[in-house]
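Coordinate inspection notes
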Amino acid sequence: MKHKIYILLLAVMAVVLPVNAATMAEADALYAAGDFSQAAVQYESIVATGMESADLYYNLGNAYYRMGKIADAIINYERALRIDANHEDALHNLAFVERLTVDKIDPVETIFLVDWWKAICRVMTPDAWAYTSVALFVLCLLSIGFMLFSKVMWMRKTGFSVAVVALFFTVVTAFCASSRQAELDDKSKAVIYVPTVTIKSSPDEAGKELFILHEGTRVIIKSSLDKWVEIQTEAGSIGWLPASSIVVI
């Protein structure tokens, strides 16, 4: 039974991957020809198959920018950066498009060590970190073997030292894998998707009006209640807005 399922999965991949490649080429051609609307439709059809890549979202963001859809452009540049935080073109275009938004919010300063840790974790994918962690753990076990069974003193000392270092980096890389995966799975970031929305003090229309946000502004989702979402701006302001007024990155 498992063998049949494996064959079926291979057959599906054999069909889907070439179709996506053909669709991507068609979308790229449409974009190059200036038909940004149809290019966006083609890129979205690839996303709908479950395929994700930083370049795919970057191209989709470019198509939406060319169409004048600033919020959609920001959403897709952000999705590209969620996958590849060092995608230089997405970083550049996101910074440019954000200057076109109404709200100018200065982010709260973050702790240097937290930013440093995130930068390290973003160097590789979660799988790459996990494989590295496993390889280091194997090295640790081999080093312990040298330490226990070698009759040469310097080899025993070397085995002990290597085992300690390998164990330390096994833990570090395992945490990197976990942190990077958690960042990829994070669904708390969102973008305002309506021209304007009034932020309330409570999750209902009768709530006190606190401030107004405009299309394209990034927010953090704190909690939700029925059709309302509690958000926090990058400056730290908190309030409630209708869930329909945002799109999750």
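All values derive from a computational prediction rather than experimental measurement. (Residues numbered from 1 in each chain as written. Predicted model: local features only at pLDDT ≥ 70, side-chain atom pairs only at ≥ 80, totals over all residues. Heavy atoms only, no water.)

As a further point, take the overall build of the chain. Tallying secondary structure elements over the chain gives 8 helices and 7 strands in all. Rg of the C-alpha trace for the chain: 24 Å, well past the compact-globule value of 18 Å for 249 residues, more than 25% over. Principal axes of the C-alpha set define a box for the chain whose edges measure 75 × 45 × 40 Å. At a minimum sequence separation of 6, the contacts of the chain that also span at least 24 residues come to 55%. On the chain, roughly 15,100 Å² of surface is accessible, and the fraction owed to carbon and sulfur atoms is 65%. Computed over 21 positive and 27 negative side-chain charges, the separation of the two mean positions in the chain equals 10 Å. (Helix = DSSP H or I, 4+ residues; strand = E, 2+ residues; numbered from the N terminus. Rg over C-alpha atoms; globule rule 2.2 N^0.38 Å. Contact = heavy atoms within 4.5 Å. Areas by Shrake-Rupley, 256 points an atom, 1.4 Å probe, with all protein chains shown as cover. Lys, Arg positive; Asp, Glu negative; His and termini not counted. Charge placed at Lys NZ, Arg CZ, Asp CG, Glu CD.)

Now for the packing of helix α6 (residues 112–121) against helix α8 (residues 153–185). Any two packed helices are characterised by how steeply their axes cross, that is the angle between the axes, and by the distance between the axes. For the pair α6 and α8, the least separation of the axes is 9 Å and the interaxial angle reads 90°. With respect to each other, α6 and α8 are oriented roughly perpendicular. For the pair α6 and α8, contact is made by Trp-117, Ile-120 and Cys-121 and by Val-172, Phe-175, Cys-176, Ser-179 and Arg-180, respectively. Per-class residue counts for the contact of α6 with α8 are 6 nonpolar, 1 polar and 1 charged. (Axes fitted to C-alpha atoms, helices over the stretch in contact; angles between N-to-C directions. Parallel < 35°, antiparallel > 145°, perpendicular 65-115°, else oblique. Nonpolar A, V, L, I, M, F, W, Y, C, P; charged D, E, K, R; others polar.)

Scored by pLDDT, the chain comes out at a mean of 89, with 92% of its residues at no less than 70. In this model residues 8–16 is a low-confidence stretch, pLDDT under 50, and it forms 1 contact with partners more than four residues away in sequence or in other chains. (pLDDT = per-residue confidence, 0-100.)

This paragraph deals with the pattern of salt bridges. For the coordinates displayed, the defined rule picks out 7 salt bridges. Linking Glu-78 and Arg-218 is a salt bridge whose minimum nitrogen-to-oxygen distance equals 2.4 Å. Of the two residues, Glu-78 sits in helix α4 (residues 70–83) while Arg-218 sits in strand β4 (residues 218–225), which places them 140 residues apart along the sequence. For Glu-78, a relative accessible area of 11% gives the class buried. Given the relative accessible area of 22%, Arg-218 is considered partly exposed. Two residues, Glu-98 and Arg-218, come together in a salt bridge whose shortest N-O distance is 2.8 Å. With Glu-98 in helix α5 (residues 88–98) and Arg-218 in strand β4, the pair connects residues that are 120 residues apart, well separated along the chain. It is possible to trace a salt-bridge network through shared partners that takes in Glu-78, Glu-98, Arg-218 and Glu-234. (Salt bridge = Lys/Arg side-chain N within 4 Å of Asp/Glu carboxyl O. Buried < 20%, exposed > 50% of the residue type's maximum accessible area, 1.4 Å probe, protein only.)

A word on unusual backbone geometry. In the Ramachandran plot, Asp-226 falls in the positive-phi region, its phi being about 55° despite a non-glycine side chain. Structurally, Asp-226 is set in the loop between β4 and β5 (228–233).

Now for the packing of aromatic side chains. Overall, the coordinates contain 4 aromatic pairs when judged by the stated rule. A centroid spacing of 6.1 Å and a plane angle of 40° characterise the contact between Tyr-58 and Tyr-77, whose relative ring orientation is tilted. Taken together, the residues Tyr-58 in helix α3 (residues 54–66) and Tyr-77 in helix α4 connect sequence positions 19 residues apart. Neither residue differs from the other here; Tyr-58 and Tyr-77 are each classed as buried. Between the aromatic rings of Phe-168 and Phe-169, the centroid separation amounts to 5.1 Å while the plane-to-plane angle is 80°, which identifies the pairing as edge-to-face. (Phe/Tyr/Trp six-rings, centres within 6.5 Å; stacked < 30°, edge-to-face > 60°.)

Membership of the largest hydrophobic core comes to 27 residues, with the highest contact counts inside it found for Tyr-43, Ile-74, Tyr-77, Ala-80, Val-97 and Val-191. Elements that contribute at least two residues to this core include exactly α1 (2–32), α2 (36–48), α3, α4 and α5. Broken down by element, this core gets its largest block of residues, 8 residues, from α4. Among residues more than four places away in sequence, those in contact with Tyr-43 are Met-24, Ala-27, Asp-28, Tyr-31, Leu-56, Asn-59 and Leu-60. Counting residues in each nonpolar core, the second largest holds 10 residues, with Leu-213, Val-229, Ile-231 and Leu-241 among its members. (Core = buried A, V, L, I, M, F, W, Y, C linked by side-chain atoms within 4.5 Å.)

For the pair α3 and α4, interaxial distance at closest approach is 8 Å and the crossing angle is 165°. Taken together, the axis directions place α3 and α4 in an arrangement best described as roughly antiparallel. In this structure, α3 meets α4 at a crossing whose hand is left-handed. Contact residues: α3 offers Ala-54, Tyr-57, Tyr-58, Leu-60, Gly-61, Asn-62, Tyr-64 and Tyr-65, while α4 offers Ile-70, Asp-72, Ala-73, Asn-76, Tyr-77, Arg-79, Ala-80 and Ile-83. (Left-handed = near helix turned anticlockwise from the far one by under 90°.)

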